Amino acid sequence: MKLLFGYSSRIYVVDCEHINRAGGFLLASNHISHFDPPIISSVARRKIDWMAMAEFFPIPGLGHFLKAVDAFPAARDRADRKTIRSAIERLKDGRIVGVFPEGGIRDGARSLLGGAPLRPGASTLAHMAGVPIVPCVILGSDRLYAKRNWLPLRRTPVWIAFGQAISHFPELEKSVARARIEQELADGFQRLYAELRRKFQLTRDDLPHPPRERMRSQPKNPRRRLHRAAANAVDFAMCVSMNLVQSRHRLNGRSAEEMDRYVVECEKLTPHEYYAAPKDVGLIAAIQNGNRFSLTWRSPIETEFPRNNVARADFFPCGRGKAAPTVFMLHALMSATHIGYWRWAARFNELGWNACFVHLPYHYSRVPPGHWNGELAITADLIRNAEGLRQGVIEVRQLIGALRDHGYGEFGILGTSYGGWIGALLAMVERDLRFVALMCPIVNVEHAIWQNPGTAFMRRELRRAKIAPELVARHFHLSSPLHNEPACDPARVLFVSGDFDLIARPADIDAIQQKWRGSELLRVPQGHFGYRVMRETVMRLKERGF
């Protein structure tokens, strides 16, 4: 291992003396790649007995190798007495046992370094064996997933820091001691992480990324630049089209005074009050078992367009019926056709999920006569925009409530662009969601109105009406996901960002992913408009078991 990683990597070690201390102890490390155990072992003078995933041991060759280096199996989904007994015996024999308290490879907010909670196993094991814990942080090993980093003379840098040993606190009562160990260990990880970043001036690319992203990433080359240029050209062309559509709809009498009155009333409301969903008896009665069917009901929000006042959703039940989870597909602004979503509904059915395609306000069956699909959803009339979002959120909540009353259980949200915006607002008020996948969502409303290239005509109309950014910002507590926190578990939220997106900027998606601590971020090499993002998102949801 020293030869292998000496060839491929340049390893920097901080405070190596802590790993070479005498006696038995538990080594607890963050986990960012499959290369972590051999790399850490290669810099230690003492041998480390690693606790490894039980799934690895039945694999021919790999299982024999792991046993040969004294690794031993551990089940990640339960407490295995045989594993615990083996670990305690080795520790009491004065050996080093290596563990990954995260229970698997983690990055971002899902990792210990990002503030995710520790699994209790490490503190329990150290207290039972009566040995200290040495924390370890490793960075850079995830870049070895990229084939180019194994080329001669590349020498990919890897940084490792070892912390001072943490006592098992034998003088404290058992539960207090374990809680103390967990707190000391979490603080130790954060100190080592900060020390490595400061000492080596690490950039964002040096910090942990998902393995699939590292494997997919390519060095800057003409093809990538061409891909970016093509994506930007498509985004720019679509922005020009959006401005042309918006030019058909001026403010129509809306004034700064009217906007101010609307905002004043909204300032009195919380998101839960603003998006409160009344129960619809007719909707509950319309839900029934059978083949694919459409649900229609009266929208709780009345608009000046009768067709938009009738909510609709196309429901695609799978063979499991009510026993299966249900995913709600929320389409993009001015989505060209429903055919692609119906095809994805069939794929979800094959995966054992019910699927529901929701007709968002002013789209599909709800388009008023004389208008195009979705053109009334986002215009210079900010009050109608806000009420359209509110209408979409409330209707989906009504649908979730009606299905739940009818015996359906778990629900997931799959939203794109405008639908991703509504999906993020749903996450702010719905606590019980199995997953929320938001693809290129509009999360920064301030940028969407005042800087987005697709809203240039809107800005001209707002300035002409003397509607200032400060006035609009007073509504962000209800309409801007970036200015709010989720009501559901952030660990169930997946943000998907387009690398070349000009509309839902990657920086804004990064910002909300960091704010919604525990959520995950997936990057896809496309602009705002493209089909790759859906495929990558569904693949990631399957990987996470959603």
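Now for a look at the structure at hand. A quick note: this is a predicted structure, and the numbers were derived from the prediction, not measured.

Counting secondary structure elements, the protein chain contains 20 helices and 15 strands. At 27 Å, the protein chain has a C-alpha radius of gyration in line with the 24 Å of a compact globule built from 546 residues. The principal-axis extent of the C-alpha atoms belonging to the protein chain is close to 80 × 50 × 45 Å. Relative to its 546 residues, the protein chain shows a buried fraction of 55%. In the protein chain, 76% of the contacts between residues at least 6 apart in sequence involve partners at least 24 apart. Surface exposure of the protein chain reaches about 24200 Å², of which carbon and sulfur atoms provide 55%. The average position of the 76 basic charges and that of the 54 acidic charges among the side chains of the protein chain differ by 6 Å.

A separate point is helix α5 (residues 121-129). Residue pairs spaced three or four apart in an α-helix point in one direction, given the helix's 3.6 residues per turn. Of the residues making up α5, those classed as buried are Ala122, Ser123, Leu125, Ala126, His127 and Ala129. Taken together, the buried residues of α5 touch β2 (25-29), β3 (48-53), α4 (81-92), β5 (96-99), β6 (133-139) and α6 (174-200). Remark: Gly130 follows α5 within two positions and exhibits a positive phi of approximately 70 degrees.

Attention shifts here to the packing of aromatic side chains. Counted by the stated rule, this structure contains 16 aromatic pairs. Here the aromatic rings of Phe35 and Trp150 are separated by 5.9 Å at their centres, their planes lie at 50 degrees, and the arrangement is tilted. With a gap of 115 residues between them, Phe35 in the loop between β2 and α2 (36-42) and Trp150 in the loop between β6 and β7 (156-162) connect regions that are remote in the sequence. Classification of Trp150 by relative accessible area gives partly exposed; the value is 23%. Positioned above the aromatic ring of Phe25, the side-chain terminus of Arg21 is 5.8 Å from the ring centre. Its end group placed over the ring of Trp344, Arg347 keeps NZ or CZ at 4.3 Å from the ring centre.

This next bit is on the pattern of salt bridges. Applying the stated rule across the entire model yields 30 salt bridges. For Asp70, the salt bridge is made with Arg95, and the minimal N-O distance between the two is 3.4 Å. In this pair, Asp70 is assigned in the loop between α3 (62-68) and β4 (72-74) and Arg95 in the loop between α4 and β5, connecting sequence segments 25 residues apart. Looking at Asp70, the relative accessible area reads 27%, which means it is partly exposed. For Arg95, a relative accessible area of 29% puts it in the partly exposed group. One salt bridge connects Asp405 with Lys279, and the closest N-O pair in it is separated by 3.3 Å. Taken together, the residues span a long stretch of sequence, with Asp405 in helix α13 (residues 382-405) and Lys279 in the loop between α10 (271-274) and α11 (281-286) at a distance of 126 residues. Accessibility expressed as a relative area gives 45% for Asp405, which makes it partly exposed. Each of Arg212, Glu520, Arg532, Glu536, Arg540, Glu543 and Arg544 takes part in salt bridges that share partners, so that together they form one network.

The rules behind the values
- Residues numbered from 1 in each chain as written.
- Predicted model: local features only at pLDDT ≥ 70, side-chain atom pairs only at ≥ 80, totals over all residues.
- Heavy atoms only, no water.
- Helix = DSSP H or I, 4+ residues; strand = E, 2+ residues; numbered from the N terminus.
- Rg over C-alpha atoms; globule rule 2.2 N^0.38 Å.
- Buried < 20%, exposed > 50% of the residue type's maximum accessible area, 1.4 Å probe, protein only.
- Contact = heavy atoms within 4.5 Å.
- Areas by Shrake-Rupley, 256 points an atom, 1.4 Å probe, with all protein chains shown as cover.
- Lys, Arg positive; Asp, Glu negative; His and termini not counted.
- Charge placed at Lys NZ, Arg CZ, Asp CG, Glu CD.
- Phe/Tyr/Trp six-rings, centres within 6.5 Å; stacked < 30°, edge-to-face > 60°.
- Lys NZ or Arg CZ within 6 Å of the ring centre and 35° of its normal.
- Salt bridge = Lys/Arg side-chain N within 4 Å of Asp/Glu carboxyl O.

Shape descriptors only; they carry no functional weight alone.
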